[in-house]
Amino acid sequence: MCKHILNAQVSVRAPCCKKWFDCPECHAEASDHNLRKTAEMVFACKKCKKVFRKDLETFDEADEYCPNCDNHFIIDAKTPAMAIGVEGDDPRLNRDYREKQTQMIEQDFLSDRLG
């Protein structure tokens, strides 16, 4: 799982070392060499778990989808955002869910104190 892109839809096979990575930053952290650029990339869809190739020189809008399951894998990346919170509190969670959890905890705390 990639810590740089939270919604990675595919893994990419690095042409230099033939290993799978979710993003170029993951390759840089795990390898002692630069990522080699190539015209043809090999992808593994995370939805259907099938591997496919794409020629980047003739890449168009139809190539933004997995040819096996039509998963749209070219999407805007969601990256982790810095946030201040309570330890164990995940800032990526939905705000409404966190507010409901906080209210439930406060109610339990008050009910224990009031008897």
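Definitions and limits used
- Residues numbered from 1 in each chain as written.
- Predicted model: local features only at pLDDT ≥ 70, side-chain atom pairs only at ≥ 80, totals over all residues.
- Heavy atoms only, no water.
- Core = buried A, V, L, I, M, F, W, Y, C linked by side-chain atoms within 4.5 Å.
- Buried < 20%, exposed > 50% of the residue type's maximum accessible area, 1.4 Å probe, protein only.
- Helix = DSSP H or I, 4+ residues; strand = E, 2+ residues; numbered from the N terminus.
- Phe/Tyr/Trp six-rings, centres within 6.5 Å; stacked < 30°, edge-to-face > 60°.
- pLDDT = per-residue confidence, 0-100.
- Contact = heavy atoms within 4.5 Å.
- 1 Å grid on protein atoms, 1.4 Å probe; cavity = no way out; pocket = protein on both sides within 12 Å on 5 of 7 lines; lining within 4 Å.
- Points joined across faces, edges and corners; volume = space filled by probe spheres on them.

A. Region of interest: the nonpolar core. V10, M41, F43, C45, F52, C66 and F73 together form the largest nonpolar core, which totals seven residues. Top contributing element to this core by residue count: strand β3 (residues 40-45), with three residues. Formed by five residues, the second largest nonpolar core is a distinct cluster that contains C2, A14, F21 and C23.

B. Representation of the packing of aromatic side chains in the model. The full count for this structure, using the stated rule, is three aromatic pairs. For the ring pair F43 and F73, a centre distance of 5.4 Å and an interplane angle of 45 degrees mean the geometry is tilted. One end of the pair, F43, is in strand β3; the other, F73, is in the loop between β4 (51-55) and α2 (95-114), and 30 residues separate them in sequence. Here F43 and F73 have matching classes, each one buried. Arranged with centres 5.5 Å apart and planes meeting at 55 degrees, the rings of F52 and F73 form a pair that is tilted. Of this pair, F52 sits in strand β4 while F73 sits in the loop between β4 and α2, and the two are 21 residues apart along the sequence. Here F52 matches F73 in class, with each residue buried. Among the aromatic residues, those joined into a ring-pair cluster are F43, F52 and F73.

C. Inspection of the confidence of the model for the protein chain at higher detail. Residues of the protein chain with pLDDT of at least 70 account for 80%, and the chain-wide mean is 80. Here α2 stands out as the element of the protein chain with the lowest mean pLDDT, 69, in contrast to strand β2 (residues 20-21), whose mean of 94 is the highest.

D. Here's a closer look at the side chain of K54. Locating K54 in the fold gives a position in strand β4. Residue classification places K54 among the buried residues on the basis of a relative accessible area of 9%. If we skip the residues at most four places from it in the chain, K54 touches A39, E40, M41, F43, F59, D63, Y65, P67 and F73.

E. Representation of the layout of surface pockets within the structure. When its volume is computed, the largest pocket comes out at roughly 540 Å³. Every residue lining the largest pocket is counted, 27 residues in all, and those nearest its centre are V12, D22, C23, P24 and F43. Elements with a minimum of two residues in the lining of the largest pocket: β1 (10-13), α1 (24-30) and β3.

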